[in-house]
Structures are given as structure tokens and as C-alpha cells.
Amino acid sequence: MTLRAPVLGLEASCDETAAAILAPDGRILAEVVLSQTAEHARFGGVVPEIAARAHLAHLPGLAARVLAEAGLRPQDLGGVAATSGPGLIGGLIVAAGFGKGLALAHGLPFVAVNHLEGHALSAMLPPSEVRFPFLLMLLSGGHCQCVAVEGVGRYRRLGTTLDDAVGEAFDKAAKLLGLPWPGGPHLERLALGGDATRFALPRPLLGRAGCDFSWSGLKTAVAHALGKLANPTEQDRADLAAGFQAAVAVTLADRAKHAARMLPEATALVVAGGVAANQAVRTALARATALPLVAPPIRLCGDNAVMIAWAGIERLKRGLADELGHAPRPRWPLDEMRA
Ligand code: KG4
Ligand code: ZN
């Protein structure tokens, strides 16, 4: 199907409220991301009820803002794409409900976008030269999985976490080290002045076949090491942060090596999600396989609506619009997508 008009993307599955408008060729006409970090920080994590209310308060205004910036009226759009899972149900209802209302009011096609597909396809947003099939390592606060991306709607999960997501592990280790939430970026900064070799921390599942992940033991090891230090100094904390980050990086590299064997025809190793911003992780993954490492620009690594609009465009071009009766899905594994 030819798609002639721009598509509006809406994202509200976790703690970012976002809207974006992309031309059918992938040009970004307008985009905005509103992070709720400050609202959740004092609770040390995302509070679903607070998130849902904030999405409800902000999403319609953000949609109006990107339309105005792009110089478009709703009826000028070629479709509306809204994150409809997986994620926190309150936010999914806001994004999908608002998106469907807009589509119904203006007679536009609606696409119920899988958030994970958004992350996966963001690697192909022009001017990217990434082609199918590729390996995707999705490393965020809510997700930790390795996926064979073989086409739009064609995904095979090669491995997943047995306990925490890797971003969650960063956040928990950071909390133990007395850093504010979300701790990943703070831990990376603290690790800069640290000696990664001082503490012998575990490398979970290292060398094990397949591409699963496990992080809870590593976090516990950080807690034990800290517990043995009577009065941890700044240097102790930096050494532990460096040790933790190195253990994560080495483990991720090992998992990537196994994944590359599971998809020998892969053309690239793509890393996405908030943890993809970590330099030690990027360096380790770049060396892990013979594949080129591709990371979307940092602002597209975290949650955003550009990737949702782009996934919507890829689907609309293939005639894959959804019914307005499509119900949001808090759990929606990528393998259950239709092509
Ligand atoms: O993808 P994202 O923005 O949101 C979702 O979780 O969906 O990822 C946020 C996660 C948090 O756990 C945060 O601590 C982690 O990504 N993160 C990092 C870094 N920047 C963000 N972890 C390690 N190093 C970083 N530089
Ligand atoms: Zn995400």
C-alpha cells in the first residue's frame, strides 16, 4: 500500500510520554518526549498510578504540539500509531485510547504498535543502512532480551532474562552504592574513577549455551562486597561500580557471541534501550562479534514516539492497520506479532 501522508506516533507505556510525526520516508517532522523521572524519583522507581495520571494529563497536549510544529491538522495525517503493549496498563490505555479516538474522529487508519517492535525497527530508521536479518539486544529498565529480527512482524526471541532486566540491575546496584534513581548513568560516572579488577564479581551464565541473561546474583554480590566494608570510601564505591559495570559488559559480550552463532546470517548487531547509552557496554559489544555494532542515536535508545511512528509507517505500508477494537496488552511477546 502506498502511504502518502505523515503518521503520528504516541508512546506512554512506561514513564515517558511522547509524540512524534514522521513523513512516510522516515523524516522526523516533529517530536517531543516528556520524562516523568522527577515525579517517580522519590519513590526509587516508576509508580504505575502516578505514571498513568501523568500520561493522561500530558499526551493530548503533546500530540497537539507536534501537529502544530509540523504544520498539520489531524485530518492531514496518513494514520495514527500508538503503543498498545507491552507495558503498564494505565499508560497503554491512555495511548491506545487517545490514538483510537483521533483515528475514529478523522477517519484515519490506526496501528496498535508493539513497543518492542518500535525499539527493533528504530535501527532501520533512515539514513540507517541496517537490513534484515539482524540481531537485536534490547537492554532497558523493563526489558532484557536478544531477538532475531527477520522482517517486519517476524521476530524470534533467542534469549531473555531469568530474573531482572539489565537496566534494573544497574538501578539496584546504583541504589546500593547510594546513587539516585535511575542509577545507570550515575553508576557509569562513578565507575570512571574506579578499579574494575579489585572486586571479584560473578559473570552470570558466562559461557553457557544460548543467550539468556541473569543479573540478580551479580547485584547480591555487590551487596555482599559492600557489607564487608565497614565504612566504604568514595574509592571503594567507585571500584565496586567499575567492577559491576565490567561484569555486565563482559557478560553481555559473551551472550552476544552466542547469539551471533544462533543467527549466522545476521548482518548487524543492534543494541537499543537505555543501557545502550553505556560506553563500557558499547565497547564490549563492538568487540564481541565480527558484526558491525549499530546503536540508534542516544535519544532514540530510550523510550520515544519516533520509533512508534516509524513502526506504524512500516506496518501501514504493508497494509497492516489494526481494528479499533484492538485491546492493549500489558504482556505482548514479540514472537506473537503478526506479519
Ligand atoms: O529504555 P529506557 O529509557 O526505559 C525503559 O526502561 O524502558 O531505559 C532506562 C534504563 C534505566 O534502568 C537506566 O538506569 C538505564 O536504562 N540506563 C543506563 C545508562 N543510561 C540509562 N544504564 C547504564 N549506563 C547508562 N549510561
Ligand atoms: Zn522501551
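Residues numbered from 1 in each chain as written. Chains lettered and ligands numbered in written order. Predicted model: local features only at pLDDT ≥ 70, side-chain atom pairs only at ≥ 80, totals over all residues. Heavy atoms only, no water.

K.L.:
An account of the site of ligand 1 is requested, with residue identities and associated values reported.
P.N.:
Taken together, 17 residues sit near ligand 1, with Gly141, Asp171, Glu188, Gly274 and Asn278 positioned nearest. Protein coverage of the free-state accessible area of ligand 1, which is 550 Å², stands at 87%. When contributions to the shell around ligand 1 are tallied by element, the ones reaching two or more residues are α5 (166-176) and α6 (184-191). (Near = heavy atom within 4 Å. Areas by Shrake-Rupley, 256 points an atom, 1.4 Å probe, with all protein chains shown as cover. Helix = DSSP H or I, 4+ residues; strand = E, 2+ residues; numbered from the N terminus.)

K.L.:
Tell me about the sheet that holds strand β6 (residues 134-139), residues and numbers included.
P.N.:
Judged by pairing direction, the sheet is mixed, and its five strands sit side by side in the order β8-β7-β6-β9-β10 without closing on themselves. A strand with exactly one partner marks an edge of an open sheet, and here the two such strands are β8 (154-160) and β10 (293-294). Judged from the six bridges that link them, strand β7 (residues 144-151) and β8 form a sheet pairing that is antiparallel. Looking at β8, one finds that Gln145 is bridged to Thr160. In the packing of helix α8 (residues 234-262) onto the sheet, the strands contacted are β6, β7, β8 and β9 (269-272), and the crossing angle to β6 comes to about 150 degrees. (Pairing = 2+ DSSP bridges. Contact = heavy atoms within 4.5 Å. Axes fitted to C-alpha atoms, helices over the stretch in contact; angles between N-to-C directions.)

K.L.:
Outline the layout of surface pockets, listing residues and values.
P.N.:
Of the volumes computed, that of the second largest pocket is approximately 150 Å³. In terms of residue class, the lining of the second largest pocket is made up of ten nonpolar, three polar and one charged. (1 Å grid on protein atoms, 1.4 Å probe; cavity = no way out; pocket = protein on both sides within 12 Å on 5 of 7 lines; lining within 4 Å. Points joined across faces, edges and corners; volume = space filled by probe spheres on them. Nonpolar A, V, L, I, M, F, W, Y, C, P; charged D, E, K, R; others polar.)

K.L.:
Give a detailed account of the packing of aromatic side chains, specifying residues and quantitative values.
P.N.:
Applying the stated criterion to the full structure yields three aromatic pairs. Geometrically, the ring pair formed by Phe170 and Phe244 is edge-to-face, given 5.2 Å between the ring centres and 85 degrees between the ring planes. Remark: Phe244 occurs in helix α8 and Phe170 occurs in helix α5; sequence separation between them is 74 residues. Across the pair, Phe244 and Phe170 agree in class, each one buried. (Phe/Tyr/Trp six-rings, centres within 6.5 Å; stacked < 30°, edge-to-face > 60°. Buried < 20%, exposed > 50% of the residue type's maximum accessible area, 1.4 Å probe, protein only.)

K.L.:
Tell me what's going on with the nonpolar core, and back it up with residues and numbers.
P.N.:
Counting 54 residues, the largest nonpolar core has Leu135, Leu139 and Phe244 as the members making the most contacts within it. Counting residues per element, the ones that place at least two in this core are β6, β7, α5, α6, α7 (216-228), α8, β9 and α9 (279-288). Among the elements that take part in this core, α8 stands out by supplying 13 residues, more than any other. If near-sequence neighbours (up to four positions away) are discounted, Leu135 is found in contact with Cys146, Val147, Leu158, Ala259, Ala260, Leu263, Ala266, Ala268, Leu269, Val270 and Leu291. Grouped together as the second largest cluster of nonpolar side chains are 38 residues, Val130, Phe134, Ala272 and Ala309 included. (Core = buried A, V, L, I, M, F, W, Y, C linked by side-chain atoms within 4.5 Å.)

K.L.:
Help me get a handle on the packing of α6 against α8, residues and values and all.
P.N.:
The geometry of a pair of packed helices is captured by two quantities: the angle between their axes and the separation between those axes. Here α6 crosses α8 at 115 degrees, and the two axes come no closer than 8 Å. Classified by the angle their axes make, α6 and α8 are roughly perpendicular. Between α6 and α8 lies a crossing of left-handed hand. The segment α6 lies against α8, with Leu187, Glu188, Leu190 and Ala191 engaging Glu234, Arg237, Ala238, Ala241, Ala242, Phe244 and Gln245. (Parallel < 35°, antiparallel > 145°, perpendicular 65-115°, else oblique. Left-handed = near helix turned anticlockwise from the far one by under 90°.)

K.L.:
Talk me through the coordination of the zinc ion (ligand 2); I want residue IDs and the actual numbers.
P.N.:
The protein atoms donating to the zinc ion (ligand 2) are His115 (NE2), His119 (NE2) and Asp303 (OD), with metal-donor distances spanning 2.1 to 2.2 Å. In the primary sequence, the donor residues of the zinc ion (ligand 2) line up as H-x3-H-x183-D. Taken together, the positions of His119 in helix α4 (residues 115-122) and Asp303 in the loop between α10 (298-301) and α11 (306-317) put the pair 184 residues apart, joining distant regions of the chain. The residues His119 and Asp303 share a single accessibility class, namely buried. (Donors = N, O, S within 2.8 Å, 3.2 Å for Na, K, Ca; no water.)

K.L.:
Lay out the packing of α7 against α8 with the relevant residues and their values.
P.N.:
Look at α7 against α8: their axes get within 11 Å of each other, and the N-to-C directions meet at 160 degrees. As far as their axial angle goes, α8 and α7 are roughly antiparallel. Crossing of α7 over α8 shows right-handed handedness. Taking contact as the criterion, the partners of Leu218, Val222, Ala225 and Leu226 in α7 are, on α8, Leu240, Phe244, Ala247 and Val248. Residue composition of the contact of α7 with α8, by class: eight nonpolar, no polar and no charged.

K.L.:
Explain helix α3 (residues 89-106) residue by residue, including any values.
P.N.:
Here α3 is 18 residues long and its end C-alpha atoms lie 25 Å apart, about the 26 Å a rise of 1.5 Å per residue gives. Those residues of α3 not exposed but buried are Gly91, Leu92, Val94, Ala95, Ala96, Gly99, Lys100, Leu102 and Ala103. As for α3, its buried residues are in contact with β1 (7-11), α2 (48-70), β4 (79-85) and β5 (110-114). Looking one or two places after α3, you find Gly107, whose phi comes out positive at around 65 degrees. (Expected span 1.5 Å × (residues − 1).)

K.L.:
Explain the pairing of β9 to me, using residue names and the numbers behind them.
P.N.:
By the alternation rule, side chains of β9 split into Leu269 and Val271 and Val270 and Ala272, which are all buried. Here β6 pairs with β9 via four bridges, running parallel. In the sheet register, Met137 faces β9, and the bridge partner there is Val271. Taken together, the two bridges between β9 and β10 define a ladder with parallel strand orientation. Its bridge partner being in β10, Val270 is matched across the sheet by Val294. Crossover connection from β9 via α9 to parallel β10: handedness right-handed. (Right-handed = clockwise from strand over helix to strand, strands pointing away.)

K.L.:
So, α4: which residues are in play, and what are the values?
P.N.:
Structural remark: α-helix, 3.6 residues per turn; residues separated by three or four positions point the same way. With eight of its eight residues buried, α4 lies for the most part within the structure. Among all positions of α4, only His115, Leu116, Glu117, Gly118, His119, Ala120, Leu121 and Ser122 are buried. Measuring from the side-chain oxygen of the N-cap residue of α4 to the backbone nitrogen of Leu116 gives 2.7 Å; that N-cap residue is Asn114. (Polar contact = N/O pair within 3.5 Å; in protein donor to acceptor, adjacent residues only side chain to side chain.)

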